Amino acid sequence: MLVFPAILLPLAAQMELSMTETLQLSFWMYLLFGVSALPWGAAADYFGPRRLLSLFHVGAAASALFAAFTVHDPLLFCLALTGIGLFSGIYHPAGLGWIAKELENTSRGMAYNGMAGNLGLAVAPLLAGLLNYFFNISLVYAVVAGMNLVGLIFTIRHKEAPQDPKADHECAATPPTSWTPFLILLCAMMLGGIAYRGTSVTLPAFFELKNAGVYDMLKSFFGDLFTPNLSATILTSILFLIGMGGQYLGGRVGEKYDLRWSYLVFHLITIPAAFAMSASADWALFLWATIHGFFLLGMQPIENTLLARLTPPQLLSSAYGTKFVFTFGVGALSVKMLALVRQSWGIDAIFIAIALVSTLLCFVICLLIRNTSGTRQRFR
């Protein structure tokens, strides 16, 4: 999913479109990535996660291969991206539901999953930038197809445990007496999805446009090997690698402290960092982006464990599917929102908008804490 923003500007040049027009080619990819999560989650609860994850890899590989052959045609390329989003929507509800059902320590399991995912997020822009630099955009998507086929091999070789959850599993706690906290958490996760998607889609191009000083310094050391796009993708990859530390910290914090307050603190820290990003450039921008990404990614194990605590175990994949309908489906609106913000106020205003979304998110988390004040033990 992070390949597209990494090659956004070269792709725009190749298609002879503006950055905004090219960015909007990804709208259906991000939308279906989210809105398909609920039916995929229900299917994973019924058929089992292993079958659904196999379908994910096959479908995403075929769509990526189609993208490789259509990089000169905006309409067909948009269709290929849409297929990538549709099949990629399987991963989170099936995968996270599998973790929540089978691992005793949900928070730590979510942290390790997030760290592995962050490694993929770090590799994606770096690999995309290198392949585009040395070869072309078509090869970028051909490699994505190949990686999905490798993922298919790992998936079909893995043995799925019995579907009945263990009686002493931590997510098999007393079922919730009210669905209100779950609905409040969904609202919080939707706002978090807007902040995350807006950041991940914008950041490579933001670095490319605002890190001229960093690019000049790197070019002075490495010569013509560095282009602005390659420099931006490398910085983005480093940021996601650092985010693995945030995932680990989030998992450990979720083990030791109240999940609700931990969730609030992690999001609070992202607000001043996002405001600072809007007014920064070069290494200062990278520093603030690192802080922002560290805690924005680090809260994910906490959030996923919170969801498991508020959901009956037999509905875990469906619950994660519902989450990603809101976080990535509604979060896809950030693509439209940020295009409007950029057209109206300029690219610097993008992270001001993200900071305001995170501020509203923190108020929603406070509402969740107040609504669950009588059930503190569930969140320790």
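Residues numbered from 1 in each chain as written. Predicted model: local features only at pLDDT ≥ 70, side-chain atom pairs only at ≥ 80, totals over all residues. Heavy atoms only, no water.

1. Examining the nonpolar core
- Ranked by internal contacts, the top residues of the largest apolar core, which has 59 residues, are Val-3, Phe-4, Phe-77, Tyr-141 and Phe-207.
- It is helix H11 (residues 180-210) that contributes the most residues to this core, 7 residues altogether.
- Contact partners of Val-3, with chain neighbours within four places excluded, come to Ala-124, Ala-128, Val-140, Tyr-141 and Val-144.
- Of all hydrophobic cores here, the second largest spans 39 residues; its members include Leu-185, Leu-306, Tyr-320 and Val-357. (Core = buried A, V, L, I, M, F, W, Y, C linked by side-chain atoms within 4.5 Å. Buried < 20%, exposed > 50% of the residue type's maximum accessible area, 1.4 Å probe, protein only. Helix = DSSP H or I, 4+ residues; strand = E, 2+ residues; numbered from the N terminus. Contact = heavy atoms within 4.5 Å.)

2. Some details on a nonpolar patch on the surface
- Residues Leu-126, Leu-130, Tyr-133, Phe-134 and Phe-135 make up a contiguous nonpolar surface patch of about 460 Å² in total accessible area.
- The residue Phe-134 is located in helix H9 (residues 106-134) in this model. (Patch = residues over 30% accessible without salt bridge, like charges linked within 9 Å, V, L, I, M, F, W, Y side chains within 5 Å. Areas by Shrake-Rupley, 256 points an atom, 1.4 Å probe, with all protein chains shown as cover. Salt bridge = Lys/Arg side-chain N within 4 Å of Asp/Glu carboxyl O.)

3. Quick word on the confidence of the model for the protein
- The pLDDT averaged across the protein works out to 82; a share of 90% of its residues lies at or above 70.
- Considering each helix and strand of the protein separately, the mean pLDDT is smallest for helix H12 (residues 212-222), with a value of 71, and largest for helix H14 (residues 259-278), with 93. (pLDDT = per-residue confidence, 0-100.)

4. Let's talk about the packing of aromatic side chains
- Under the criterion given, the structure shown has 10 aromatic pairs.
- Judged by centre distance (6.3 Å) and plane angle (45 degrees), the ring pair of Phe-56 and Tyr-91 falls under tilted. Taken together, the residues span a long stretch of sequence, with Phe-56 in helix H6 (residues 49-68) and Tyr-91 in helix H8 (residues 91-102) at a distance of 35 residues.
- Overall, the relative accessible area of 12% leaves Phe-56 in the buried class.
- Ring plane angle 90 degrees and centroid distance 4.9 Å describe the contact between Tyr-133 and Phe-134, whose orientation is recorded as edge-to-face.
- Judged by its relative accessible area of 32%, Tyr-133 is partly exposed. (Phe/Tyr/Trp six-rings, centres within 6.5 Å; stacked < 30°, edge-to-face > 60°.)

5. Thoughts on the packing of helix H13 (residues 228-256) against H14
- Direction vectors running N to C along H13 and H14 enclose 150 degrees, while the axes themselves pass 9 Å from each other. When the axes of H13 and H14 are compared, the pair comes out roughly antiparallel. Side by side, H13 and H14 meet where Gly-246, Leu-249, Gly-250, Val-253 and Gly-254 of the first sit next to Leu-259, Ser-262 and Phe-266 of the second.
- For the contact of H13 with H14, the per-class residue count stands at 4 nonpolar, 4 polar and no charged. (Axes fitted to C-alpha atoms, helices over the stretch in contact; angles between N-to-C directions. Parallel < 35°, antiparallel > 145°, perpendicular 65-115°, else oblique. Nonpolar A, V, L, I, M, F, W, Y, C, P; charged D, E, K, R; others polar.)

6. Section: the state of the cysteines
- As enumerated under the stated definition, the model contains 0 disulfides in all.
- Of all cysteine sulfurs, the one in Cys-362 lies closest to Cys-187, which takes part in no disulfide; the gap is 12 Å.
- The partly exposed category is assigned to Cys-187, whose relative accessible area is 31%.
- No disulfide involves Cys-366; its nearest neighbouring cysteine sulfur is the one of Cys-362, lying 7.0 Å away. (Disulfide = S-S within 2.5 Å.)

7. Describing the side chain of Thr-305
- As for its position among the elements, Thr-305 is in helix H16 (residues 300-309).
- A residue is classified by how much of its surface remains accessible, and Thr-305, at 1% relative accessible area, is buried.

8. Some points on the environment of Gly-151
- Assignment of secondary structure puts Gly-151 in helix H10 (residues 137-157).
- A residue is classified by how much of its surface remains accessible, and Gly-151, at 14% relative accessible area, is buried.
- The sequence separation of Gly-151 and Leu-53 amounts to 98 residues, and the corresponding C-alpha distance is 9.1 Å.

9. Digging into the pattern of salt bridges
- In this structure the tally under the stated criterion is 4 salt bridges.
- Of the charged contacts in the structure, one is a salt bridge between Glu-255 and Arg-108, with a shortest N-O distance of 3.0 Å. Of this pair, Glu-255 sits in helix H13 while Arg-108 is found in helix H9, placing the two residues 147 residues apart along the sequence.
- Between Arg-260 and Asp-258 there is a salt bridge whose closest N-O contact spans 2.7 Å. Note on accessibility: Arg-260 and Asp-258 belong to one class, buried.

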